[in-house]
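Survey of secondary and tertiary structure
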Amino acid sequence: MLDKRLKKICLICCRGGSKTIKNKNIKKFLGKPLLHWSLENISKSNIFDRVILSTDSKKIANCAKKFNVEIPGLRPKNLSTSTSHQFDTHKYIFKKLNINDNNSIVCVYNNNPFIKSNLLKKSYNLFKKNKFKGLVVDAAKVDGDYIALKQFQFKKKIYYPYRNKFLKLNLNRQTLDSYYVNIYNLRWGKPSFLKNFSKYKKEIVKNHNRYLLLKKSQNFDLDDIEDWKIAEAVFRKYEKEKKF
């Protein structure tokens, strides 16, 4: 059982300066600000004792005010650039609000409407079943055409970083081993794992962690306008058919 002294915290980080999609975090997705979808899903899950929004944007902060969410001031500019490390933001928030392993477990949740309340519940139940050890991270199966062994880079000439393993691959992808990739739309863990990326990486490769496997319909990145339009079409279809 979870120690009653430990609070279940959801941390959602939303930066204001998105480069590929202007005002991405509050841009309307099927008629509602993107952030509203996420905060509604978090609320419907009925899991969390505290929901914390970290942002550098007054617009984003104002957009979240109708929800029961804590906004501990605006994030410093040095933690809000396109090259800022998200784990440094976690560390900043944990220190500011005195969040530590002795009083909290944390779910870091990316602003993504496809991570519905039922997935939050499943991820929490995985963590609970694992006696709140290690980490729980969402993951997806990698299509056989896109596994790392087939990837190459352009360095004046084409360069295959996994050349030797690539040469041993079979043509038929059905004969390939199954590969999976961490998505990081949500991740559960102790604050100490989530505030230090080196410690996080050392923990994630251990075999006692658990993974929430996402379907293709649950795994969408919103990196540009083309992604956005496709995601809206897919989301509308699955919402209508109640397949989420």
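Just above sits the structure.
As the structure is a prediction and not an experimental result, all values here were calculated from the model.

**So, helix α7 (residues 197–204)**
Buried within α7 are the following residues: Tyr200, Glu203 and Ile204. One side of α7 holds all its buried residues, which, seen down the axis, span an arc of 95 degrees. Among the structural elements, α3 (86–96), β6 (136–141), β9 (180–189), α6 (191–194) and β10 (210–213) are those in contact with the buried residues of α7.

**Overview of the nonpolar core**
Ranked by internal contacts, the top residues of the largest apolar core, which has 33 residues, are Leu35, Leu39, Ile42, Phe48, Leu53, Leu120 and Trp188. Of all the elements in the fold, those that place two or more residues in this core are β1 (7–14), α1 (34–45), β4 (50–55), α2 (58–63), β5 (104–109), α4 (117–129), β6 and β9. Ranked by the residues each element gives to this core, the list is headed by α4, at 4 residues. Beyond its immediate sequence surroundings of up to four residues, Trp188 is in contact with Ile47, Phe48, Ile105, Val106, Cys107, Leu120, Ser123, Tyr124, Phe127, Gly134, Leu135 and Val136. Judged by nonpolar contacts, the second largest core, of 16 residues, contains Ile93, Phe94, Ile99 and Ile204.

**Section: the packing of aromatic side chains**
Summed over the entire model, instances satisfying the criterion amount to 19 aromatic pairs. Ring geometry for Phe29 and Phe114: centres 6.4 Å apart, planes at 75 degrees, overall edge-to-face. With a gap of 85 residues between them, Phe29 in strand β2 (residues 28–29) and Phe114 in the loop between β5 and α4 connect regions that are remote in the sequence. Phe114 sits in the buried class, given a relative accessible area of 0%. When the ring of Phe29 is compared with that of Phe235, the centres are 5.4 Å apart and the planes differ by 85 degrees; the resulting orientation is edge-to-face. One end of the pair, Phe29, is in strand β2; the other, Phe235, is in helix α8 (residues 225–241), and 206 residues separate them in sequence.

**Quick notes on the sheet that holds β10**
The strand order across the open sheet formed by 6 strands is β4-β1-β5-β9-β6-β10, and the pairing between neighbours is mixed. Strands with a single pairing partner mark the edges of an open sheet, and in this sheet they are β4 and β10. Across the sheet, the mean angle separating the axes of adjacent strands is 30 degrees when strand polarity is ignored. The pairing of β6 with β9 spans 5 bridges and is antiparallel. Its bridge partner lying in β9, Ala139 is registered against Asn182. Relative to β1, α1 is tilted by about 175 degrees, and along the sheet it contacts β1, β4 and β5.

**What about the pairing of β6?**
Each regular strand displays side chains that alternate between the two surfaces of the sheet. Taken across its 6 residues, β6 has 5 buried, putting it largely inside the fold. Inspection of the sheet shows β6 paired to β10 by 4 bridges, in the parallel sense. When the sheet's bridge partners are listed, Val137 is paired in β10 with Tyr211.

**Description of α4**
With 13 residues, α4 should reach 18 Å at 1.5 Å per residue; the first-to-last C-alpha distance of 18 Å fits that figure. Taken together, the buried positions of α4 are Ser117, Leu119, Leu120, Ser123, Tyr124 and Phe127. Along the axis of α4, the buried positions cluster into a sector of 160 degrees, meaning they face one direction only. In the stretch just after α4, Lys131 is the one whose phi turns positive, near 60 degrees.

Definitions and limits used
- Residues numbered from 1 in each chain as written.
- Predicted model: local features only at pLDDT ≥ 70, side-chain atom pairs only at ≥ 80, totals over all residues.
- Heavy atoms only, no water.
- Buried < 20%, exposed > 50% of the residue type's maximum accessible area, 1.4 Å probe, protein only.
- Helix = DSSP H or I, 4+ residues; strand = E, 2+ residues; numbered from the N terminus.
- Arc of directions from axis to C-beta.
- Contact = heavy atoms within 4.5 Å.
- Core = buried A, V, L, I, M, F, W, Y, C linked by side-chain atoms within 4.5 Å.
- Phe/Tyr/Trp six-rings, centres within 6.5 Å; stacked < 30°, edge-to-face > 60°.
- Pairing = 2+ DSSP bridges.
- Axes fitted to C-alpha atoms, helices over the stretch in contact; angles between N-to-C directions.
- Expected span 1.5 Å × (residues − 1).

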